[in-house]
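Listed below are the residues making up each chain.
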Amino acid sequence: HLKIKYKFFFSLILILILLLKFNEYRIEYLYFFDQRINFINSTSIIISLFMILGFFHVINMSDGRNCLVILYFINIFIFLLLKNGENYFNYYLITLISLFLVFIQNYFNKSFFGNSGILFVSIFIAMVLIYEFNKGTLSIENIFILLYLPFFDALRVTLVRIYKKKSPFLSEKNHLHHLPRNWNHALIVLIILFSLNNLIQLFINLSFLIIFSYSIISFFVIYKIFQKI
């Protein structure tokens, strides 16, 4: 029941402490097409803080129906295992098994994430992604295709609220996950989509422009399917 400003302040302090203590979880560089931008310490901390808080906010907006957020996280670790499993196989496998157990609890409504769960797990996932990106085992394209669905949904809802002159932080039931009447069918659609996305990443080398175009089309298709099921 914390107000959003208190939750944001607590999250900011927690992430800042982690970033000051552990250099490996700071974003050291970004690239845009062929241009690479390296960050000094202070800039790296600010960029990393902004990205992690943004990730937490997007995931928090997706937490409205059991199994959705945990399915995002499961997909991320499945991809990490397939792409870079030889280096951290045991670590990622144990994490994946733990996430599956949470998925089962979620599916039978024996548990749910809530604010504290989303805060902890989203920060953990964000730091794993940054760590892998800094090592060069994950690209910006990989991270984008793993996260575009919650990102575009959060962006769509925020823009609609601003257009209607409402607070962007307002809680409403107009997210992607509120559309389907049959949530079991929606989960199957998402599993198929995530599997397709992972296969594309593992076997086809696509530019960011193509991936961005694909993600917009994919989001639109999923939106229309969710309206019908």
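For the structure itself, consult the block above.
Not measured: the values here are computed from a predicted model.

Another aspect to go through is the overall build of the protein chain. Across its full length, the protein chain carries seven helices and two strands. Listing the helices and strands of the protein chain from first to last along the sequence gives α-β-β-α-α-α-α-α-α. At 18 Å, the protein chain has a C-alpha radius of gyration in line with the 17 Å of a compact globule built from 229 residues. With the C-alpha coordinates aligned to their principal axes, the bounding extent of the protein chain is approximately 45 × 45 × 35 Å. Counting only residues that meet the buried cut, the protein chain has 44% of its 229 residues in that class. Contacts spanning at least 24 positions in sequence make up 72% of the contacts within the protein chain whose residues lie at least 6 apart. Counting every atom, the protein chain has about 13100 Å² of accessible surface; 69% of that belongs to carbon and sulfur.

Before going further, it helps to spend a moment on the nonpolar core. Ranked by internal contacts, the top residues of the largest apolar core, which has 63 residues, are Ile52, Phe73, Ile76, Phe77, Ile125, Leu149 and Phe226. Broken down by secondary-structure element, the contributors of at least two residues to this core are α1 (4–21), β1 (29–32), α2 (41–62), α3 (68–107), α4 (114–135), α5 (140–163), α6 (183–203) and α7 (208–228). The dominant element in this core, judged by the number of residues it contributes, is α3, at 16 residues.

As a further point, take the environment of Leu81. Along the chain, Leu81 falls in helix α3. On the accessibility criterion, Leu81 (15% relative accessible area) is buried. The sequence separation of Leu81 and Leu96 amounts to 15 residues, and the corresponding C-alpha distance is 9.0 Å.

With that settled, consider the layout of surface pockets. The volume enclosed by the largest pocket comes to roughly 1000 Å³. For the largest pocket, the lining is made up of 31 residues, of which Met51, Ile143, Phe144, Leu147 and Phe151 are closest to its centre. Breaking the lining of the largest pocket down by element, the ones donating at least two residues are β1, α2, α4 and α5. Of all the elements, α5 adds the most residues to the lining of the largest pocket, at eleven residues. Along the lines of polarity and charge, the residues of the lining of the largest pocket split into 26 nonpolar, four polar and one charged.

Turning next to the side chain of His175. For His175, the position within the fold is in the loop between α5 and α6. Reaching out from His175, the side chain makes a polar contact with the backbone oxygen of Met61 at a distance of 3.4 Å. Polar side-chain contacts of His175 include one of 3.1 Å to the side chain of Asp153. Look past the residues within four positions of His175 in its chain and what remains in contact with it is Met61, Asp153, Arg156, Val157 and Arg161.

Pairing of β1 with strand β2 (residues 35–38), which is carried by four bridges, proceeds in the antiparallel orientation. Opposite Leu30, over in β2, you have Ile37 as the bridge partner. Counting the residues between successive antiparallel strands, the hairpin from β1 to β2 contains two residues, one of them, Phe33, with a positive phi of roughly 55°.

On to a nonpolar patch on the surface. A grouping of Leu82, Leu199, Leu202, Phe203 and Ile204 is seen on the molecular surface, where their side chains present a nonpolar patch of about 510 Å² in accessible area. If one sorts the elements of the nonpolar patch by residue count, α6 sits on top with three residues. With respect to the helices, strands and loops of the structure, Ile204 is situated in the loop between α6 and α7.

Another aspect to go through is the packing of α2 against α4. Axis separation between α2 and α4 bottoms out at 9 Å; the angle between their running directions is 135°. As the angle between them shows, α2 and α4 are arranged oblique. Crossing hand, α2 versus α4: right-handed. Note on element contacts: α4 touches α2 through Asn115, Ile118, Leu119, Ser122, Ile123, Ile125, Ala126, Met127 and Ile130, opposite Ile52, Phe55, Phe56, Ile59 and Asn60. In the contact of α2 with α4, the residues fall into eleven nonpolar, three polar and no charged.

Calculation rules
Residues numbered from 1 in each chain as written. Predicted model: local features only at pLDDT ≥ 70, side-chain atom pairs only at ≥ 80, totals over all residues. Heavy atoms only, no water. Helix = DSSP H or I, 4+ residues; strand = E, 2+ residues; numbered from the N terminus. Rg over C-alpha atoms; globule rule 2.2 N^0.38 Å. Buried < 20%, exposed > 50% of the residue type's maximum accessible area, 1.4 Å probe, protein only. Contact = heavy atoms within 4.5 Å. Areas by Shrake-Rupley, 256 points an atom, 1.4 Å probe, with all protein chains shown as cover. Core = buried A, V, L, I, M, F, W, Y, C linked by side-chain atoms within 4.5 Å. 1 Å grid on protein atoms, 1.4 Å probe; cavity = no way out; pocket = protein on both sides within 12 Å on 5 of 7 lines; lining within 4 Å. Points joined across faces, edges and corners; volume = space filled by probe spheres on them. Nonpolar A, V, L, I, M, F, W, Y, C, P; charged D, E, K, R; others polar. Polar contact = N/O pair within 3.5 Å; in protein donor to acceptor, adjacent residues only side chain to side chain. Pairing = 2+ DSSP bridges. Patch = residues over 30% accessible without salt bridge, like charges linked within 9 Å, V, L, I, M, F, W, Y side chains within 5 Å. Salt bridge = Lys/Arg side-chain N within 4 Å of Asp/Glu carboxyl O. Axes fitted to C-alpha atoms, helices over the stretch in contact; angles between N-to-C directions. Parallel < 35°, antiparallel > 145°, perpendicular 65-115°, else oblique. Left-handed = near helix turned anticlockwise from the far one by under 90°.

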